[in-house]
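# Observations on the three-dimensional arrangement
Here's the letter readout for the chains.
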Amino acid sequence: MIAVALPHGLSLELVKIPAGSFCMGSLEGDSAAGDNEMPRHRVEITREFFLGRFEITQAQWNAVMGTNPSHFKDCPQCPVEMISWRDATTFVAKLNARQRKYRFRLPTEAEWEYATRAGSQANFAYGDTLSSTQANFDGNFPFGNVAQGRFLKRTAEVGGYPPNQWGLYDIHGNVWEWCSDYFGQYRNRVQRDPKGPATGRSHVLRGGSWFVNAVNARSATRHNLAADQRNPNNGMRIAAEKRP
């Protein structure tokens, strides 16, 4: 793990994600899967990269941007929300202007799913069930043979639920996380470091949010919105790589 200094004594913690390969998407015939999650295909991630241990918080956003756009403003350690894809890329640009050791960016959709699965092909990083003791979502609608639980009706402080096998927190629920890719259909072939379509009308979000049912927080779930759209469900997680 690395820690990058931010203004006001804050830091940004990132986890090293190793190179590797995985099967992206859902199998045909999976009753929980959406059409845009298929076909399942093999993806190769050829270089290690870093990914935020936590979602970007309101405090971190304010330290870099000087504002807090969030709807749930009373929680500095909750993820920032009410940010568009364009807002997220502006945050990235400001981070990159501050230092030269790392190049920050949004993760690609493939990187996001690869890091979230952390070697698992189950519906979630934790297995094939999800309860509200494991993630912040509408606990009235868990996934699999588990009991109903709490519905907080808002974001929660980052790091309050168990991490996945690679030490990433809140990868299911809390806020949807913007990815760099334009949204498009999958191709049934092996892909190496895919970056999505060259053009499009919307960008990908991953992971689900505090507002959704568990089925919409699966590792394979895909969501997309226009680049300028904001709502209290949308936040971000930062990716980075060492500069040459």
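An account of the accompanying structure is given in this report. No experiment lies behind these values; they were computed from the predicted model shown. Position numbers for residues start from 1 in each chain and track the written sequence from start to end. Where local features are concerned, this predicted model is filtered to residues with pLDDT of at least 70; where side-chain atom pairs are given and counted, the filter is 80 or more; whole-chain, interface and lining totals use all residues. As a rule here, side-chain values cover all heavy atoms of the structure and leave hydrogens and water aside.

## Some thoughts on the overall build of the protein
Under the convention used in this document: Helix and strand labels come from DSSP, where a helix needs a run of H or I of at least four residues and a strand needs a run of E of at least two; each type is numbered from the N terminus. This radius of gyration counts C-alpha atoms alone. The globule rule is 2.2 Å times how many residues there are, raised to the power 0.38. Only protein chains enter the accessibility calculation, which uses a 1.4 Å probe. A residue is then buried if its area is under 20% of the maximum for its type, exposed if over 50%, and partly exposed in between. To be clear on the numbers: accessible area is Shrake-Rupley with a 1.4 Å probe, and residue cover counts the displayed protein chains and nothing else. Think of it this way: Lys and Arg go in the positive column, Asp and Glu in the negative one, and His and the chain ends go nowhere. One atom stands in for each charge, and that atom is NZ of Lys, CZ of Arg, CG of Asp or CD of Glu.
From N to C terminus, the protein includes three helices and twelve strands. Taken against the 2.2 N^0.38 rule, which gives 18 Å for 244 residues, the C-alpha radius of gyration of the protein at 17 Å falls within 12% of a compact globule. Based on the C-alpha atoms only, the size of the protein along its principal axes is roughly 50 × 40 × 35 Å. Taken across its 244 residues, the protein has 55% of its residues classed as buried. Of the accessible surface of the protein, which amounts to about 10900 Å², a share of 48% is contributed by carbon and sulfur atoms. Across the protein, the centroid of the 29 positively charged side chains sits 7 Å from that of the 23 negatively charged ones.

## Looking at unusual backbone geometry
In this structure, the amide linkage connecting methionine 38 to the following residue, proline 39, adopts the cis form with an omega of 0°. Positive phi, close to 65°, is recorded for histidine 8, a residue that is not glycine. By the element assignment, histidine 8 lies in the loop between β1 (2–5) and β2 (11–17). Its relative accessible area of 68% is what places histidine 8 among the exposed residues. The phi dihedral of lysine 153 falls on the positive side, at around 65°, and the residue is not glycine. Inspection of the secondary structure assignment puts lysine 153 in the loop between α3 (109–117) and β7 (176–182).

## Quick look at α3
The element α3 is extensively covered by neighbouring structure, given that nine of its nine residues are classed as buried. Within α3, burial applies to Glu109, Ala110, Glu111, Trp112, Glu113, Tyr114, Ala115, Thr116 and Arg117. Among the residues trailing α3, alanine 118 stands out with phi positive, at a value near 50°.

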